[in-house]
Amino acid sequence: MALVLLALLAGLVVPPSLYAQDPEAYFPPEVDRSLMTSGFLAGHPDLDARKRGMDAIGRQHYGTARTAFLRAARYGDKPSQAMLGEIYWKGLGVERDPVLGYVWMFLAAQRGYHDFRAWSEVYWQGLSLAQRQQAQVRGLAILESYGDAVAVPRLERVMRRELGKATGSMLEHPEQLMVITSYDTTPPRGISPQAFYADMYWKPAKYRQLQDRLWKAPLYKRVDVGPVEDVSARARGTSPKR
């Protein structure tokens, strides 16, 4: 497996900041916040760990955030993989490692999400020729452990397991089909089973579509990254032919 380098695009659109201080900004708007109970998050470890990471980032607890984002990244969570890229690129609570920062951002862009694709291009432009070569090598281990080929099935297994536990319990106790009681708040609140177990939250393909609707949205800032540069010629101390 090798990193396929993204082509440089003129007129690339880049957001002014990778992450918002408000953790809620990193969750699909279609997800009803009342459903984000401990039971729901047990079946969505990607969202659970991402939320913990964003909460820690807001408090500038970068070590805690990095641990949480790594867990979310294991389940193919692209926003968390992008946050790892940001952490290593800027050296937030860790020694700055632009190569690792790029690799994580490249992985976050694996599905073509606009924000992460744009930032991976920006990061790539910030690497030296030697660092780009390092990225090719160091990226292999990250892809093998966190790429969609292994991370997506990992998440799907958890979702199916937790859904099976919950629906099995409800079948044993039919009265639970009327309402789900959440004890995460005081006083406890009732949640509609139809909303809680909606296909877009628990069917892997539909859940992926839900994520895609958010992260494939157009961006809103524009920056021209300029023409493609022949970096090999620059490294030799010669000027590329015009």
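Residues numbered from 1 in each chain as written. Predicted model: local features only at pLDDT ≥ 70, side-chain atom pairs only at ≥ 80, totals over all residues. Heavy atoms only, no water.

A. View of the environment of Lys 206. Relative to the elements of secondary structure, Lys 206 occurs in helix α11 (residues 204-215). With residues near it in sequence (within four places) discarded, Lys 206 still touches Asp 199 and Met 200. (Helix = DSSP H or I, 4+ residues; strand = E, 2+ residues; numbered from the N terminus. Contact = heavy atoms within 4.5 Å.)

B. A look at the pattern of salt bridges. A full pass over the atoms with the stated rule returns 11 salt bridges. Put simply, Lys 51 and Asp 55 hold a salt bridge, and the shortest N to O gap is 3.3 Å. Taken together, the residues Lys 51 and Asp 55, both in helix α2 (residues 45-58) and 4 residues apart, mark about one turn of the helix. Residue class for Lys 51 comes out partly exposed when judged on its relative accessible area of 28%. (Salt bridge = Lys/Arg side-chain N within 4 Å of Asp/Glu carboxyl O. Buried < 20%, exposed > 50% of the residue type's maximum accessible area, 1.4 Å probe, protein only.)

C. Main features of the nonpolar core. If you look at the biggest cluster of nonpolar residues, it comprises 35 residues, and the most contacted ones within it are Ile 57, Phe 69, Tyr 102, Trp 104, Met 105, Phe 116 and Ile 142. Put simply, the parts of the chain that give this core at least two residues each are α2, α3 (62-74), α4 (78-90), α5 (98-108), α6 (114-125) and α7 (129-146). The element best represented in this core is α5, accounting for 9 residues. Not counting residues up to four positions away in its chain, the partners in contact with Phe 69 are Arg 50, Gly 53, Met 54, Ile 57, Ser 80, Met 83, Leu 84 and Ile 87. Tyr 75, Val 158, Phe 196 and Trp 202 belong to the second largest nonpolar core, which has 15 residues in total. (Core = buried A, V, L, I, M, F, W, Y, C linked by side-chain atoms within 4.5 Å.)

D. Just α6, in detail. Between its terminal C-alpha atoms α6 stretches 17 Å, which fits the 16 Å expected from 12 residues at 1.5 Å a residue. For α6, the set of buried residues is Asp 115, Phe 116, Ala 118, Trp 119, Ser 120, Glu 121, Tyr 123 and Trp 124. Where α6 is buried, its residues touch α4, α5, α7 and α11. (Expected span 1.5 Å × (residues − 1).)

E. Looking closely at the side chain of Asp 77. By the element assignment, Asp 77 lies in the loop between α3 and α4. A relative accessible area of 2% means that Asp 77 is categorised as buried. A polar side-chain atom of Asp 77 sits 2.6 Å from a polar atom in the side chain of Ser 80. Setting aside residues up to four positions removed in sequence, Asp 77 forms contacts with Asp 46, Arg 50 and Ala 72. (Polar contact = N/O pair within 3.5 Å; in protein donor to acceptor, adjacent residues only side chain to side chain.)

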